[in-house]
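Residue-level listing of the chains:
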Amino acid sequence: MADTDVVMARIARRPNVSYPVLVPNMHGLEAAIAAGAEEIAIFAAASEALSQKNINCSIRVGYCFWGQTRIQIPDTHLVFLYGHAMAVQHDNKYIVP
């Protein structure tokens, strides 16, 4: 995600193909918009451990980012929200790590 500008510059875009950019925080959002992203995908984790490992913040901070995102994205951009949930099966029970 640190190379959003490089990746976006090298993509040979095709008609009717979606190119969403996954952003974990406000810095990533700003970089994606600056790189010309037309679709933004944001995410939050289902467990505190997963949130800390994936986006280096608490679940609460992650959800606050969701709220701030709409304010920061220009009206010309589409916004897709993805909520990531991770579960592990152990002894026929599903556990959220």
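Now for a look at the structure at hand.

Definitions and cut-offs
- Residues numbered from 1 in each chain as written.
- Predicted model: local features only at pLDDT ≥ 70, side-chain atom pairs only at ≥ 80, totals over all residues.
- Heavy atoms only, no water.
- Buried < 20%, exposed > 50% of the residue type's maximum accessible area, 1.4 Å probe, protein only.
- Helix = DSSP H or I, 4+ residues; strand = E, 2+ residues; numbered from the N terminus.
- Arc of directions from axis to C-beta.
- Polar contact = N/O pair within 3.5 Å; in protein donor to acceptor, adjacent residues only side chain to side chain.
- Pairing = 2+ DSSP bridges.
- Right-handed = clockwise from strand over helix to strand, strands pointing away.
- Contact = heavy atoms within 4.5 Å.
- Core = buried A, V, L, I, M, F, W, Y, C linked by side-chain atoms within 4.5 Å.

Comments concerning helix α2 (residues 26–34)
Here is step 1: Those residues of α2 that sit buried are M26, G28, L29 and A32. Taken end-on, α2 shows its buried residues confined to a sector of 160 degrees, consistent with a single buried face. In α2, those exposed residues whose orientation departs by more than 90 degrees from the buried face are H27 and A34.
Here is step 2: With a side-chain oxygen positioned 3.2 Å from the backbone nitrogen of H27, the residue opening α2 is N25.

Quick word on the pairing of strand β2 (residues 39–44)
Here is step 1: Counting buried residues along β2, six of its six residues qualify, which places the element largely inside the surrounding structure.
Here is step 2: The alternating pattern of β2 places E39, A41 and F43 and I40, I42 and A44 on opposite faces, both of which are buried.
Here is step 3: Across four bridges, the pairing between strand β1 (residues 20–23) and β2 is parallel. Directly across from L22, in β2, lies its bridge partner A41.
Here is step 4: In terms of handedness, the path from β1 via α2 over to β2 forms a crossover that is right-handed.

Regarding the side chain of T4
Here is step 1: With respect to the helices and strands, T4 occurs in helix α1 (residues 4–10).
Here is step 2: In contact with T4, other than residues within four places in its own chain, are V21, A31, A32 and A35.

Points about the nonpolar core
Here is step 1: By size, the foremost hydrophobic cluster in this structure holds eleven residues: M8, V21, V23, M26, L29, A32, A37, I40, I42, F65 and I73.
Here is step 2: Listing elements by their share of this core, those giving two or more residues are β1, α2 and β2.
Here is step 3: The element that contributes the greatest number of residues to this core is α2, accounting for three residues.

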